[in-house]
Amino acid sequence: MEAVWSGTWVADRLGVRLEEAAGPGTPRLADLLGLALRRNPKRAHLLVSQVLGKHVPQSPRTVYAAGYGLGERVRALLGDQAASAVVLGYAETATGLGHCVADGLGPAPYLHSTRRPVPGVEPAGGFEESHSHATSHLLLPEDPDLLTGSGPLVLVDDEFSTGSTVLNTIRDLHGRHPRSHYVVVALVDMRSAADRDRLTAFAAEIGARVDLIGLASGTVSLPEGVLEKGQALVEKYETGDGEPHLEVPTGEIQPLRRSRSGVRGGAPADGPRPVTHIPLHWPSGVPDGGRHGFTPGHRQRLEAALPELTAQLTAALGDRPGRVLVLGNEELMYAPLRLAKALEETGAAHEVRFSTTTRSPVLAVDDPGYAIRTRLVFPAHDTPADGPGDRYAYNVAGAGFDTVVAVVDSAGDTPELRAGLLAGLAPHTGRVLLAVIPSYVPDVPDVPDRREPIMTEPLRGPAFSSYAPEDVGWLLQDFSDVELEAPTEEREEAIQAGGAHYAESLPVEYQPSPQYQELYRSALAASAARMARAVGTVTETVLAERSPSPVLVSLARAGTPVGVLMRRWAAARHGLDLPHYAVSIVRGRGIDANALRWLAAHHDPADIVFVDGWTGKGAITRELKAALGEFPGFDPEIVVLADPGSCVSTYGTREDFLIPSACLNSTVSGLISRTVLRSDLVGPADFHGAKFYRELAGADVSADFVAAVAAHFDDVAEAVDDEVKELLAADRSPTWEGWAAVERISEEYGIHDVNLVKPGVGETTRVLLRRVPWKILAQRGAGADLDHVRLLAEQRGVPVEEVDGLPYTCVGLIHPRFTRGATGADGKAVSSK
């Protein structure tokens, strides 16, 4: 009987069709792709590859052959130029595919983008993937010259739909190091005629040749209203209203446990089965993948080691392993694929299949005509820079695998791995084995022109900032004479399209109206005592628990007014003269490493206390912790005035109330801009930079703000003492409930990108001042704390939606999938349909 195409379920319900553009000898699209559904405001359907080894377990020989064959075609196209080519793959889906293409090409080094920042490795580029639910892509080659050559650059992705991500990458890299030839490789080319014309025009624009190679090509035919119908289907099945019965093979596989979001892992009823660890003798010096580059020499050493690695794997499996799944982990695709392929070729197992876990949330429907039959849901286990969240393994539960070999790198070998993924696999297979590959640590040369900072003295007022010189020293460069501002809409478009990072430019400084200034003054008068109490509480907690003589290091610029106030409290209540510095930290790029080296040279790192204004979802908290991995001695735990996201253990309050300094920008922060990190301005030995807006001195309220809060120190001292005693005895462990709320909001509102959800009063205010806001979610019944938010929203034409069950006072949503059409001619937001 002929097998049912795994796109039938979606095609029948939505009318989606794959239209072939096949030539002689090319595979049919239906043999390469199935269809599934996801929650997405622009595209409900998902093309599910049958040969990628991501969502669908497949023969590893088939997976490898698909990529290797494409590499051979690239080699034939390039001829003699193949020897100077570099291959670049996209995280996470195409990391293994790119490796295989590089193998087929032969002599080329390989690099894939990554969402895991690594301390000490300077990015050679980066971009945002606007349609993705995940975080920024980084390019982190160990060899800084890997992408600087003039030979052909081969870019590999699993599918070429519109081409926007690839074109953005080429534009960025071409601007840094121009080349005459680019080759785009994908399993399937699904571009429309307009997208094909766009590529032709783009190649002409940059004056380079751009070729495309794929296994098959065609288009997706979408009837009118397909997006709304798809979203309705996802809603129906995710809430369980239309979920069909899932049949599970009998034998050692236990009954599935269901949750709203799929099959959530858990131990079987008779207790957790032990996980068998496979000791793999991974060859020393061979990277676990292409995150920092994978050279032809690395490839040769891996090939030589594979027989011994396979023998170790075979010995662990025993004589009768049955059906075996080798399960890779997110970006770690190539190493487990090669192990699986070698195991398959030995014939030691009845059947070997390969797939990997993923960040991508997809609807599961147990129907033979649907590409994603089941999904396991489990928490992240590698301390990702973008925070905790769910991860997924598709078509594993109920598939009848006798043995699952989970392959992770050592960075992901954590207690969370065992409690999450491994425990989740246990009910659905006879046994679980774990193979751990050492995470490759790049060798970053310790040479002066790359590693040693210029030991300049901090910038201080009045030459830089309106604060008194003793209030704060800025470990920054002065970019006051550099033109860095861009219109808000242009910045948002560039950031979301991947053409720029938010730290490469500055928004035009918001100049408040008289009505808004009056709101700020009213807010300050109403909350100054509340702020003073929070300042006292956090300062006294630091003095009691962290250090009797701390060195305050605020994260510029939101943390700097708080650092100044903490210093003032310590002086007023204890006669202490605490040093205070401000440093730059950038999401996706880390903290200023040269500033850290300066601090370590001038102070004991154990005395350094990092200070910020508030937590939202905790992204900067995690960014700091990851960045300090390279700098032993520093305490990575940040302290904040307000912790509404429950992300830290040292805080002044966990209430989400209006901190008046969040209402304004530079005029309440010493007239200093947000910090800037751009490769043409910040060299390897430089501090990050910022601007001093001297011309705004007439509107500056920085000193008045500090004085207004400090005036209440004596009034709140007794209440602070009582509160600190309670806090020191309490369990203040972070719960990260704010992050969970952000993930829920991101999915419920069809945004699928946590970076576009900004929780809390402070973050919402910054969305309205700096970004292109889409809508504001307000806690039903929120009072005067939101007066300034409502005014700003009215001025920008942004709807304020009152909701129940919000853990924050308000949440700002940045306009998703930004284009110039997201705002009208008057700069006001246009509601997304």
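Calculation rules
- Residues numbered from 1 in each chain as written.
- Predicted model: local features only at pLDDT ≥ 70, side-chain atom pairs only at ≥ 80, totals over all residues.
- Heavy atoms only, no water.
- Helix = DSSP H or I, 4+ residues; strand = E, 2+ residues; numbered from the N terminus.
- Contact = heavy atoms within 4.5 Å.
- Areas by Shrake-Rupley, 256 points an atom, 1.4 Å probe, with all protein chains shown as cover.
- Core = buried A, V, L, I, M, F, W, Y, C linked by side-chain atoms within 4.5 Å.
- Buried < 20%, exposed > 50% of the residue type's maximum accessible area, 1.4 Å probe, protein only.
- Pairing = 2+ DSSP bridges.
- Right-handed = clockwise from strand over helix to strand, strands pointing away.
- Expected span 1.5 Å × (residues − 1).
- Arc of directions from axis to C-beta.
- Axes fitted to C-alpha atoms, helices over the stretch in contact; angles between N-to-C directions.
- Parallel < 35°, antiparallel > 145°, perpendicular 65-115°, else oblique.
- Nonpolar A, V, L, I, M, F, W, Y, C, P; charged D, E, K, R; others polar.
- Phe/Tyr/Trp six-rings, centres within 6.5 Å; stacked < 30°, edge-to-face > 60°.
- Lys NZ or Arg CZ within 6 Å of the ring centre and 35° of its normal.
- Polar contact = N/O pair within 3.5 Å; in protein donor to acceptor, adjacent residues only side chain to side chain.
- Salt bridge = Lys/Arg side-chain N within 4 Å of Asp/Glu carboxyl O.

(A) Highlighting the overall build of the chain. When helices and strands are tallied, the chain shows 21 helices and 35 strands. In the chain, the share of contacts with a sequence separation of at least 24, taken over all contacts with a separation of at least 6, comes to 77%. Carbon together with sulfur atoms contributes 51% to the accessible area of the chain, which is approximately 30700 Å² in total.

(B) Layout of the nonpolar core. One finds Leu37, Leu105, Val154, Tyr370 and Val405 to be the most contacted residues of the largest nonpolar core, which totals 109 residues. Per-element accounting of this core gives the leading share, seven residues, to strand S9 (residues 181-189). Contact partners of tyrosine 370, with chain neighbours within four places excluded, come to Ser6, Trp9, Val10, Leu35, Ala36, Leu37, Leu363, Ala364 and Val365. Residues Ala558, Val564, Val609 and Leu792 belong to the second largest nonpolar core, which totals 73 residues.

(C) Region of interest: the pairing of strand S24 (residues 551-555). With five of its five residues buried, S24 lies for the most part within the structure. On S24, burial covers both faces: Val551, Val553 and Leu555 on one face and Leu552 and Ser554 on the other are all buried. As paired strands, S24 and strand S28 (residues 608-614) are joined by four bridges and run parallel to one another. Across the sheet, residue serine 554 finds its bridge partner in S28, namely valine 611. Both S24 and strand S25 (residues 580-583) contribute to a ladder of four bridges, which runs parallel. Directly across from serine 554, in S25, lies its bridge partner alanine 582. Chirality of the crossover, the property in question, places the unit of S24, helix H14 (residues 560-574) and S25 among those that are right-handed.

(D) Seen up close, helix H6 (residues 193-206). The end-to-end C-alpha distance of H6 is 20 Å, a good match for the 20 Å that 14 residues give at a rise of 1.5 Å each. Turning to H6, its buried residues are Asp195, Leu199, Phe202, Ala203 and Ile206. On an axial view of H6, the arc spanned by its buried residues comes to 100 degrees, and they lie on one face. Exposed side of H6, more than 90 degrees from the buried face: Ala193, Ala194, Asp197, Thr200, Ala204 and Glu205 are the residues found there. Those residues of H6 that are buried lie in contact with strand S8 (153-160), helix H5 (164-176), S9 and strand S10 (209-221). Glycine 207 sits one or two residues past H6 and shows a positive phi near 70 degrees.

(E) View of the sheet that holds strand S14 (residues 323-329). Spatially, five strands are ordered S13-S19-S18-S14-S15 in an open sheet, and the strand pairing comes out parallel. Looking along the sheet, the strands with just one partner apiece sit at the ends: strand S13 (276-278) and strand S15 (351-357). Strand-to-strand twist of the sheet, defined as the mean angle between neighbouring strand axes without regard to direction, takes the value 25 degrees.

(F) Structural detail: the packing of helix H4 (residues 95-105) against helix H9 (residues 334-346). Direction vectors running N to C along H4 and H9 enclose 65 degrees, while the axes themselves pass 8 Å from each other. When the axes of H4 and H9 are compared, the pair comes out roughly perpendicular. In this structure, H4 uses Gly96, His99, Cys100 and Asp103 to contact H9, whose residues at the interface are Tyr334, Leu337 and Arg338. Residue composition of the contact of H4 with H9, by class: three nonpolar, two polar and two charged.

(G) Representation of the sheet that holds S25 within the structure. What the six strands build is an open sheet, ordered S20-S25-S24-S28-S29-S30; its pairing is parallel. Bordering the open sheet on either side are strand S20 (473-474) and strand S30 (650-653), each of which pairs with just one other strand. Sheet topology places S20 next to S25; two bridges connect them, and they run parallel. Looking at S25, one finds that glycine 473 is bridged to tyrosine 581. Packing of helix H13 (residues 514-545) onto the sheet brings it into contact with S28, strand S29 (639-642) and S30, and relative to S30 it is tilted by some 160 degrees.

(H) Here's a closer look at the packing of aromatic side chains. Evaluation of the coordinates by the stated rule reveals 10 aromatic pairs. Between the aromatic rings of tryptophan 9 and tyrosine 370, the centroid separation amounts to 5.2 Å while the plane-to-plane angle is 80 degrees, which identifies the pairing as edge-to-face. Remark: tyrosine 370 occurs in the loop between S15 and strand S16 (375-379) and tryptophan 9 occurs in helix H1 (residues 8-14); sequence separation between them is 361 residues. Pairing phenylalanine 294 with tyrosine 334 gives two aromatic rings, centres 5.9 Å apart and planes at 70 degrees, and the pair type is edge-to-face. Taken as a pair, phenylalanine 294 in the loop between S13 and helix H8 (296-317) and tyrosine 334 in helix H9 lie far apart in primary sequence, 40 residues in all. Judged by relative accessible area, which is 2%, tyrosine 334 ranks as buried. Grouped by ring-pair contacts, the aromatic residues Phe464, Trp474 and Phe692 constitute a single cluster. The lysine or arginine in question, arginine 573, covers the ring of tryptophan 569, its NZ or CZ lying 5.9 Å from the ring centre. Its guanidinium or amino end placed over the ring of tryptophan 774, lysine 775 lies 4.6 Å from that ring's centre, counting from NZ or CZ.

(I) Spatial organisation of the pairing of strand S4 (residues 86-89). Of the two faces of S4, the one lined by Val86 and Leu88 and the one lined by Val87 and Gly89 are each fully buried. As paired strands, S4 and S8 are joined by four bridges and run parallel to one another. Looking across to S8, one finds that valine 87 is bridged to valine 154. Pairing of S4 with strand S5 (residues 110-112) involves three bridges; the strand directions are parallel. Opposite leucine 88, over in S5, you have leucine 111 as the bridge partner. The β-α-β motif built from S4, the intervening H4 and the parallel element S5 has right-handed crossover chirality.

(J) Summary view of the side chain of serine 465. Secondary-structure assignment places serine 465 in the loop between helix H11 (448-451) and S20. There is a polar contact of 3.3 Å between the side chain of serine 465 and the backbone nitrogen of tyrosine 467. A polar side-chain atom of serine 465 sits 3.3 Å from a polar atom in the side chain of tryptophan 474. If we skip the residues at most four places from it in the chain, serine 465 touches Trp474, Gly670, Ile672 and Phe692.

(K) Summary view of the pattern of salt bridges. For the coordinates displayed, the defined rule picks out 37 salt bridges. In this structure, glutamate 344 engages arginine 61 in a salt bridge whose closest nitrogen and oxygen atoms are separated by 3.4 Å. Placement of the pair is glutamate 344 in helix H9 and arginine 61 in helix H3 (residues 60-78), with a sequence separation of 283 residues. Residue glutamate 344 is classed as buried on the basis of its relative accessible area, which comes to 13%. Residue classification places arginine 61 among the partly exposed residues on the basis of a relative accessible area of 42%. A salt bridge links aspartate 366 to arginine 373; its shortest N-O distance comes to 2.9 Å.

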